[in-house]
Amino acid sequence: MTTTLRPLTAEQATPEGGLGRLFAVCVNGRPVGRIAATAHADTGGPRLGELTALVIDPPDRGRGRGTVAALAAEEVLRGWGCARSRVEVPQGPDAPAALRLAEALGYALRARHLLKRLPDSLPELPPGSSGLPLTDQEFDDWYRAEARRVAESEVGEGLSPEQARARAERALRQALPYGPRTPFTVVRQLRAAGRAVGSIWLNTRTDSTPEAPRPPWVYSVQVEPEHRGHGHGRSLMLLAERECLDVGVRRLGLNVYADNAPANALYRALDYRTTRHILFKQL
């Protein structure tokens, strides 16, 4: 039996300038599922593709249909100029099977999205610790350091240093168009025993759409290198939870890289739960 893809839509431009298309997965011409392919807009580096909405009808599962469909969709991404492909696997009953399929196709776990339902009461910070807004000069220093950090992470995704810097600067401009006065933005400095030991950046926006259902989000948790290993990361997360509860937000999400063992251990201890797995593959 031959498994093929049959277009269900024309190639469609995404709002960001990419391309997308939905396909039926067919066996000898008989539809048995669907898969979507998206090529994200080129942002100055290797074009990123994404596979979504892979569903195989129950009677045809376990026969390799999903594997062949994903490989065929990757060929579509290559034709659109994509150098990498991403898949996202929501946590749930089907997650183990989906992760096994992704790993068999050569995808490697890069990160997880985590979520916590916040308690009713404000968590207490350790004695001698406090969170303070940044002055304008402190914000400018923080912004430059954050741009360097984001650029370094982008280099890890296969970009050149120049491409990474450009993408980092663009991302920060989009996220913080009005600097520290951007609506729903919270940037706080953690002080312990009178010294600045770290910072946290989060957005407390709670409205969402079906296309962007992400909860209020922690974008950055940073502890100064000389102050690591003293529990300040935990204090920063408690500070973020306090900021959310102060404005009536009862949940908080974040992204954590799979290879960041200390951060993963911290979030488990604070009762953050995995909601989504993010995997990448070089095409």
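About the criteria used
Residues numbered from 1 in each chain as written. Predicted model: local features only at pLDDT ≥ 70, side-chain atom pairs only at ≥ 80, totals over all residues. Heavy atoms only, no water. Helix = DSSP H or I, 4+ residues; strand = E, 2+ residues; numbered from the N terminus. Buried < 20%, exposed > 50% of the residue type's maximum accessible area, 1.4 Å probe, protein only. Contact = heavy atoms within 4.5 Å. Areas by Shrake-Rupley, 256 points an atom, 1.4 Å probe, with all protein chains shown as cover. Lys, Arg positive; Asp, Glu negative; His and termini not counted. Charge placed at Lys NZ, Arg CZ, Asp CG, Glu CD. 1 Å grid on protein atoms, 1.4 Å probe; cavity = no way out; pocket = protein on both sides within 12 Å on 5 of 7 lines; lining within 4 Å. Points joined across faces, edges and corners; volume = space filled by probe spheres on them. Nonpolar A, V, L, I, M, F, W, Y, C, P; charged D, E, K, R; others polar. Phe/Tyr/Trp six-rings, centres within 6.5 Å; stacked < 30°, edge-to-face > 60°. Pairing = 2+ DSSP bridges. Salt bridge = Lys/Arg side-chain N within 4 Å of Asp/Glu carboxyl O.

(A) Spatial organisation of the overall build of the protein. Tallying secondary structure elements over the protein gives 6 helices and 13 strands in all. By the burial criterion, 42% of the 283 residues in the protein qualify as buried. Pairs at least 24 apart in sequence give 65% of the contacts found in the protein among residues at least 6 apart. About 15,000 Å² of surface is accessible on the protein, with carbon and sulfur atoms providing 51% of the total. Each charge class in the protein can be summarised by its mean position, and for the 38 positive and 32 negative side chains these summaries are 4 Å apart.

(B) Structural view of the layout of surface pockets. The volume enclosed by the second largest pocket comes to roughly 900 Å³. Classifying every residue of the lining of the second largest pocket gives 18 nonpolar, 7 polar and 9 charged.

(C) Just the packing of aromatic side chains, in detail. Applying the stated criterion across every chain, the model contains 5 aromatic pairs. Considering the side-chain rings of F139 and W142, the 5.4 Å spacing of their centres and the 40 degrees angle between planes classify their relative orientation as tilted. Of this pair, F139 and W142 both sit in helix α3 (residues 136–155), 3 residues apart, which is roughly one turn of the helix. Given the relative accessible area of 5%, F139 is considered buried. Since its relative accessible area comes to 8%, W142 is described here as buried. Note on W201 and Y219: the rings are 4.9 Å apart at their centroids and 35 degrees apart in plane angle, and the pair reads as tilted. In this pair, W201 sits in strand β10 (residues 195–203) while Y219 sits in strand β11 (residues 217–223), placing the two residues 18 residues apart along the sequence. Its relative accessible area of 6% is what places W201 among the buried residues. In this structure Y219 comes out as partly exposed when scored by relative accessible area, which is 35%. An aromatic cluster is present here, built from F139, W142, Y143, W201 and Y219 joined pairwise through their rings.

(D) Looking closely at the pairing of strand β3 (residues 19–27). Across 5 bridges, strand β1 (residues 3–7) lies against β3 in antiparallel orientation. The partner of T4 across the bridge, within β3, is C26. When strand β2 (residues 12–13) meets β3, the two strands line up antiparallel, connected through 2 bridges. Bridging from a neighbouring strand, Q12 pairs with G20 of β3. Hairpin geometry of β2 and β3 is characterised by an intervening segment of 5 residues between the two adjacent antiparallel strands and by a positive phi of about 100 degrees at G17. From the end of β3 to the start of strand β4 (residues 30–39), which pair antiparallel, there are 2 residues, and N28 there has a positive phi angle of about 50 degrees.

(E) The pattern of salt bridges, seen in detail. Under the criterion given, the structure shown has 15 salt bridges. E241 is paired through a salt bridge with K116; the nearest N and O atoms lie 3.1 Å apart. With a gap of 125 residues between them, E241 in helix α5 (residues 232–246) and K116 in strand β7 (residues 108–117) connect regions that are remote in the sequence. On the basis of relative accessibility, which here comes to 1%, the residue E241 falls in the buried class. Overall, the relative accessible area of 11% leaves K116 in the buried class. The partner of R149 in a salt bridge is E146, and the shortest N-O contact between them spans 2.5 Å.

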